[in-house]
Amino acid sequence: MATLIQLVVSGLATGAIYALMAVGFTLLWQTSQTINFAQGEFVMVPAFFILEAMYLGAPFWLAILIGIALSLLLLGLVFKFVIVDPMLKHGVLPLVISTIALSLFMKEMVKNFYSSQAQPFPSLAPPIDLHAFGAVISTQSLTVLAVAIGAVVALHILLHKTRLGRAMQATAQNPTLAQILGIPVRRMVLYTFLINAVLCAVASTLISPIYLAKFINGEPLGIAAFLAAIIGGFNQVRGAILGGFILGVLDNLSAAYLSSTYRGAFPLLILIAVIMWRPQGLLGRVEERTV
Amino acid sequence: MNRLGAIIVGAAALFVLALPLFLKPYGIYLGSMWAVLSIAAMGLNLTLGYAGQVSLAQGAFVGIGAYTTALLMHAGVPYPIAFVAAGLVCFSVGWVLGYPALRVQHHYLAFVTLAFTALVFLVMRNEEWLTGGTYGLSGIPRPVLFGWSTNGAVSFYYFSLGVLIALAAGTWWMLRSPWGRAFVALRENPIRALSLGLDTRRYTLMAFAIGSSIGGLSGAVYAPLVQYIEPLSFALALSLNLLLMVIVGGSGYFFGPFVGALVAVLLPEWLRVIQSYYLLLYAVLVMVMMAFCPDGILGLLHRALKTMIFKRNPPQPALQPERTSR
Amino acid sequence: MTAVLEVSALSKHFGGITAVDGVSFDVQEGEILGIIGPNGSGKSTLFNCVLGQLTPNEGEVRVDGQTITGMRPCDINRLGVSRTFQLLQVFPQLSVRDNLILAGQEHQGSMYSRLIGAADAGLSDAAGQMIDFFRLTHLADERAGMLSYGQQKLLDAAMAFMAGPRLVLLDEPAGGVNLTMLGHLRERLQTYHAERKATFVVIEHQMEFVMALCTRVLVLAEGRLIAEGAPQDIRRDPVVIEAYLGH
């Protein structure tokens, strides 16, 4: 029982990180039809921004801020204006291919210009353990949960309780109508890219202490982001959050109770199963195409 | 295919056939590798270039084909049967994978194939009793066909070339049939195609399944070429590489995969000095291409030639003049 | 006698917006029914719901008594219902002849027979006849993308007729077409209708075209059916005039 609680809690923690990645991914898809195949690398790279900043002498908290700023610039602005905007003219398929190439590019950049070795990454939480219900719960997990949930709550408030957020939602649901209503659609879309950059930077800070910062992190993280987004329902932000948590817990439990050599397999099977039997995910609506 | 195209292809074919005359064994080996990659890329071109679907599993299908062939040959099955088996297995798996994924309108196939590739890698790595695990399978023999041994570099080159030509001919014939017309329609205007009774889902699925089976056949030639296979060769990197090959060569053009495979084989050789940067440059190349010429190298050539050989049609009447007998 | 097309209480919402609101009508065999209405009145949405491009939220569509609501467009087409499009029209890379062969090839045989059968699916002659009927013979082997706008409209109609459909839905066939071509198009439609006894439903904005072609007219405004009758009567109906002017 104690192990179960431990697994669930740490599963919720990683799940929260998956949720952040999946939400950013879903937002990009909803507002601008951007399928960002490089999302995993977007979560891998900020850790290296932070490590480099620290290497150059910045204290951890400052390095994090620098990392977020660089993410906003590169993964937000530059990504949108240099890659997405020119591509979208050609259609969704060239954009998908470009982001696939981008993911390879980012991975190779880190491998060649930083290191191919796994780098340790400092944790936000002091490494003490709490004892509750006979289980050992690391503050690491709790901190991750707290920060991630905090980010999700902040995002929720932004999207649902502010004028800006409602404008963004309107843009996501019906860009033409939003434009007619006077909403600056292009700026709203830019904001989603910036939000995605921040979410990825936060996710990176949270996950790197656990997995270490490695240039190959992008692949499993990317798959986790896509899985979570699809399980929850491709076009729903709430679904992405739910999908992330479910994925995190199931992944953890399956690794412990089922084979550990097939650790990565369980989520993959879930994905294939979801696509086979409920492609709109748990919360998604079935979408249609108009002429 | 117009006259200029035929001349170019003819010249290239002669060059390819005469290759062993002026290359050392390593160069001939690269030639065989080019043939293998061309086959796999040709299959992917069907899925991507003709049916417009992103598949990130072509590398996995090459792997499934390779392992199927190697295991059957180790069990004493004659090569031709192993070859066909590799194709059939991959066709079936492709069908089963694609059937649900293509019912949805987003690029779900991309994600399914991504997950599938990761899954296949895990199976290859873990099931030691079957695949040899991380140690792989070694000692894969070069086939002996009707008394002719393909053991030498030159003879295996002609063997792989023969398979490539046969499969290319088959694909060409398929694209000449009403299916080819359907694929063009599917790619250009799927909504219009649907409204004309064209079952876009069925055609897309067939393109994916056939494309995947051709990937498997590529693996069936790859296994005896390298004679030792292991899971890492067929991980996501190969699928990405094949995808980039098709794009760079020109997706949707029949000879695009051949050009792309050539680039993929030559680039690491040319960039041997900066070996580790070759993938980086490849990725940059693709991103630049997508921005400026998404139709790849052949697309670029096509447009260049069109502007050079532009012929003005004499002004046509809008409608044929009425026949007086009506 | 069963109507060729029956639409009952069809409704379609997009989020908070109701595009089509409880529309019901019949189309009898041999009719040319016109559907008119101001911009945004739901005409195209109605078509898309009938033809399977969209799934209606409420209501039913029947062709010759068979329910087709929610069927895929390709299956509906194979039942003998075809359409032309307001915007998306031909396949630019294929020749005119190939466009027409494509329009017919999916209506015969199976996937398998199409793979191993003749490259033209035996439809070269039929395509040639259709090309002659629309007087596009001199363009038969040109790429469809090279045709003028009006010529593409004709090809679009030709493709819709290729498989000998029972019911053809034409979405703004006259849009953007010059006067000479327009006359030719209308005359060809009337000839086809007379020779093959086909049934047409036409969405159109150009009044002259509708008056000259249609036997009966429906008027849609804000998603609802507001008037129905002979073209001359509709033209004078105050409700209709109000709907057009009031916007």
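Small disclaimer: the values here were computed from a predicted structure and weren't measured. (Residues numbered from 1 in each chain as written. Chains lettered and ligands numbered in written order. Predicted model: local features only at pLDDT ≥ 70, side-chain atom pairs only at ≥ 80, totals over all residues.)

**Focus: the overall build of chain B**
Link 1 in the chain: A tally of helices and strands in chain B yields 14 helices and 4 strands.
Link 2 in the chain: The globule rule puts the C-alpha radius of gyration for 326 residues at 20 Å, and the 21 Å found for chain B is close to it.
Link 3 in the chain: Its C-alpha atoms put chain B at 80 × 50 × 45 Å along the principal axes.
Link 4 in the chain: When each of the 326 residues of chain B is scored for burial, the buried share is 50%.
Link 5 in the chain: Taking all contacts inside chain B whose residues are at least 6 apart in sequence as the whole, residues at least 24 apart take part in 76%. (Helix = DSSP H or I, 4+ residues; strand = E, 2+ residues; numbered from the N terminus. Rg over C-alpha atoms; globule rule 2.2 N^0.38 Å. Buried ≥ 20, exposed ≤ 12 C-beta atoms within 10 Å, placed from the backbone. Contact = placed C-beta atoms within 7 Å.)

**What to know about the pairing of strand 6 (residues 81–84) of chain C**
Residue and element names in this part refer to chain C.
Link 1 in the chain: Neither face of strand 6 is open: one carries Val 81 and Arg 83, the other Ser 82 and Thr 84, and all of them are buried.
Link 2 in the chain: As defined by bridge partners, strand 6 adjoins strand 7 (residues 167–171) across 4 bridges and the pair is classed as parallel. From the neighbouring strand, Thr 84 faces strand 7, where its bridge partner is Leu 170. (Pairing = 2+ DSSP bridges.)

**Some points on unusual backbone geometry**
Link 1 in the chain: Although it is not a glycine, Leu 212 of chain A adopts a positive phi angle of roughly 70 degrees.
Link 2 in the chain: Relative to the elements of secondary structure, Leu 212 of chain A occurs in the loop between helix 8 (185–211) and helix 9 (218–232).
Link 3 in the chain: A positive phi is found at Asp 64 of chain C, a non-glycine position, where the angle reads about 50 degrees.
Link 4 in the chain: Examined against the element boundaries, Asp 64 of chain C turns out to sit in the loop between strand 4 (58–63) and strand 5 (66–67).

**Points about the interface of chain B and chain A**
Link 1 in the chain: The partner chain A presents 35 residues to the 36 residues of chain B that form the contact.
Link 2 in the chain: Sorting the residues of the side of chain B that touches chain A by element identifies helix 4 (79–101), helix 5 (108–126), helix 11 (236–249) and helix 13 (278–292) of chain B as the ones contributing at least two each.
Link 3 in the chain: Element by element, the count of residues in the side of chain B that touches chain A is highest for helix 5 of chain B, at 10 residues.

**A word on the pairing of strand 4 of chain C**
Residues and elements named next belong to chain C.
Link 1 in the chain: The pairing of strand 1 (residues 5–14) with strand 4 spans 5 bridges and is classified as antiparallel. Considered in strand 4, the bridge of Ser 11 is made with Glu 58.
Link 2 in the chain: With 2 bridges connecting them, strand 4 and strand 5 associate as antiparallel partners. Directly across from Arg 62, in strand 5, lies its bridge partner Thr 67.
Link 3 in the chain: Counting the residues between successive antiparallel strands, the hairpin from strand 4 to strand 5 contains 2 residues, one of them, Asp 64, with a positive phi of roughly 50 degrees.

**A closer look at the confidence of the model for chain C**
Link 1 in the chain: A residue-level look at chain C finds 98% of positions with pLDDT of 70 or above and a mean pLDDT of 86.
Link 2 in the chain: Confidence estimates for the predicted assembly give a pTM of 0.87 and an ipTM of 0.87. (pLDDT = per-residue confidence, 0-100.)

**Some details on the sheet that holds strand 1 of chain C**
Link 1 in the chain: If you trace the 4 strands from one edge of the open sheet to the other, you get 2-1-4-5 (chain C), paired in antiparallel fashion. Of all the strands in the sheet, just strand 2 (17–27) and strand 5 of chain C have a single pairing partner and so form its edges.

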